[in-house]
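For reference, the chains in residue letters:
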Amino acid sequence: MLQDLNLPRRLLLGPGPSLVHPRVLRAMAMPLLGHLDPIFLGLMDDIQTLLRWLFATTNPFSIAISGTGSAGMEAAVVNLIEPGDAVIVGINGVFGARLATLVERCGGKAIRVEAPWGRIIEPEAIASVLQRSGPMKAVAMVHAETSTGVWQPIEPVGRLCRDYNALFIVDTVTSLGGAPVEVDQWGIDACYSATQKCLSCPPGLAPFTLSDRAVAAIKNRRTPCQSWYLDMALVSDYWAEQTRAYHHTAPISMLYALREALRLVEEEGMVIRHARHRLNSDALIAGLIALGFDPVPLLDQRLPMLSCVSLPASIDDAAVRARLLTTYGIEIGGGLGPLKGKVWRIGLMGESSTEANVLTLLNALEEIGIQSGWLSTPGAALQAAARVYSCAATS
Ligand SMILES: *Cc1c(COP(=O)(O)O)cnc(C)c1O
């Protein structure tokens, strides 16, 4: 017989998943309803209303896709891109590259507009490709590039997409719930996110919205969507009040969790929530700089929910991260791709973004630094962070 699950309590400060509020975990333990039970359909309506508010959109098509953030990405691409379509894809990290792969898997032509990892994609670079090339079906880019901590400007690219009559696909997996996402104002046609980053819900759903333009593009496809599971024309018949036709069984308990997580966002208020992410990240960065770490993005292009910093030469990446996990129960992320072994990615997402967590992590790093000899005078990081908090308190 296997033992009962007896899991350690981790402080999740990596690039996702983030900590989950007890109210969300309790919601998941509620009795199961059938996926066509009128009470459950009512909960789905609540989720759609809250998602429209969160995405700042009036899009009727605003749902939660069954699957993680990558399912949201795949749904956007597989529904909007047909064989032969040309798509501009902004690439400055792992997730932009994944978007290009998906475009190609759908038979589309990915026109890669690249920037170095750690830098934004200049909207002018997109503009010049649009000027030079023939008609583009879409432009796809990542708002919060979790592999580098870069905060991409979206609105100027949205204007370009309107001017050149291209659909605009935006990945807000890491930003939604931690920084402003304005789907309507920025002219986004397909926007997807995930539950386990700034929404602080377990992984398993992808919030997703389509503009009327995008819905029309799906209706006018020349070929059927190559994915049956993610065919939004079919899935929408389940979410739409008029039809409610079975397509696949909804992940019932995950939807309970998302509804509760969205209620928590609403209770806190979007403006206060964004300011909380900003403040805790400013304090963390001040502390990390005091320890000799160097932020990878430019300071004014730095994400508030994910800090990517390069390591001082004296610090052993794997050893210190293992020590954080085993001794302190703290998880942070290492680098991906070309940044592997060179950077840390520290997430302060949703429930994980607190002053207590910032100070706990900095304190643990100082203790490890003293014990392993790469830090001689303790206290500098904690003091630097404390200064950020006291400035915020008096201003
Ligand atoms: C995490 C992430 C994804 C992928 O989400 P999964 O939930 O891991 O499938 C996509 N894009 C970005 C920017 C992410 O941070």
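Residues numbered from 1 in each chain as written. Predicted model: local features only at pLDDT ≥ 70, side-chain atom pairs only at ≥ 80, totals over all residues. Heavy atoms only, no water.

A. Broad picture of the domain arrangement of the protein. By the assigned domains, the protein splits into domain 1 (22–267) and domain 2 (269–394). For domain 1 and domain 2, the distance between their C-alpha centroids amounts to 29 Å. Summed over both sides, the interface between domain 1 and domain 2 buries roughly 2,200 Å², with carbon and sulfur atoms accounting for 66% of that surface. For the domain 1 face of the interface with domain 2, the top three residues by lost area are W117, G149 and W151, together amounting to 22%. Our count for the domain 1 to domain 2 interface comes out at 0 salt bridges. At the boundary of domain 1 and domain 2, one finds 10 residue pairs in polar contact (both at pLDDT 80 or more). Of all elements in the fold, only α2 (38–55), β6 (144–145), β7 (150–151) and α9 (252–268) reach the threshold of two or more residues within the side of domain 1 that touches domain 2. With 3 residues, the top contributor of residues to the side of domain 1 that touches domain 2 is α9. (Domains from an automatic or database assignment. Buried area = accessible area lost by both parts, 1.4 Å probe. Salt bridge = Lys/Arg side-chain N within 4 Å of Asp/Glu carboxyl O. Polar contact = N/O pair within 3.5 Å; in protein donor to acceptor, adjacent residues only side chain to side chain. Helix = DSSP H or I, 4+ residues; strand = E, 2+ residues; numbered from the N terminus.)

B. Geometry of the side chain of H248. Tracing the sequence through the fold places H248 in the loop between α8 (232–239) and α9. Residue classification places H248 among the buried residues on the basis of a relative accessible area of 13%. Among the polar contacts listed, one links the side chain of H248 to the side chain of S66, at a separation of 2.7 Å. At a separation of 3.0 Å, a polar atom in the side chain of H248 contacts the side chain of H247. Setting aside anything within four residues of it in sequence, one finds H248 in contact with S66, Y229 and V235. (Buried < 20%, exposed > 50% of the residue type's maximum accessible area, 1.4 Å probe, protein only. Contact = heavy atoms within 4.5 Å.)

C. Representation of unusual backbone geometry in the model. Here the residue pair G16 and P17 is connected by a cis peptide bond, since its omega of 5 degrees sits within 30 degrees of zero. Within the secondary structure, P17 sits in the loop between β1 (11–12) and α1 (22–28). Unlike most non-glycine residues, S200 shows phi in positive territory, near 55 degrees. With respect to the secondary-structure elements, S200 resides in the loop between β9 (190–192) and β10 (205–210).

D. Broad picture of the sheet that holds strand β4 (residues 109–114). A sheet is described by the order of its strands in space; here 7 strands give the open sequence β2-β10-β9-β8-β5-β3-β4, paired in mixed fashion. Edge positions in the open sheet fall to β2 (61–66) and β4, since each of these has one partner strand only. When the angles between neighbouring strand axes are averaged without regard to direction, this sheet yields 20 degrees. Pairing of strand β8 (residues 167–171) with β9 involves 3 bridges; the strand directions are parallel. Within β9, the position partnered with V170 by the bridge is C191. Sheet strands in contact with helix α7 (residues 212–219) are β2, β8 and β10, and its direction is about 90 degrees off that of β10. (Pairing = 2+ DSSP bridges. Axes fitted to C-alpha atoms, helices over the stretch in contact; angles between N-to-C directions.)

E. Inspection of the pairing of β2 at higher detail. Of all 6 residues in β2, 6 are buried; the element is thus mostly enclosed. Alternating positions in β2 separate into two faces, F61, I63 and I65 on one and S62, A64 and S66 on the other, with burial throughout.

F. Spatial organisation of the packing of aromatic side chains. In the structure shown here, the tally under the stated rule is 4 aromatic pairs. Arranged with centres 6.2 Å apart and planes meeting at 75 degrees, the rings of F61 and F208 form a pair that is edge-to-face. Within this pair, whereas F61 is found in strand β2, its partner F208 is found in strand β10, the two being separated by 147 residues in sequence. Each member of the pair, F61 as well as F208, carries the same accessibility label: buried. An angle of 70 degrees between the planes, with centres 6.5 Å apart, marks the rings of Y238 and W239 as edge-to-face. Classification of W239 as buried rests on a relative accessible area of 5%. (Phe/Tyr/Trp six-rings, centres within 6.5 Å; stacked < 30°, edge-to-face > 60°.)

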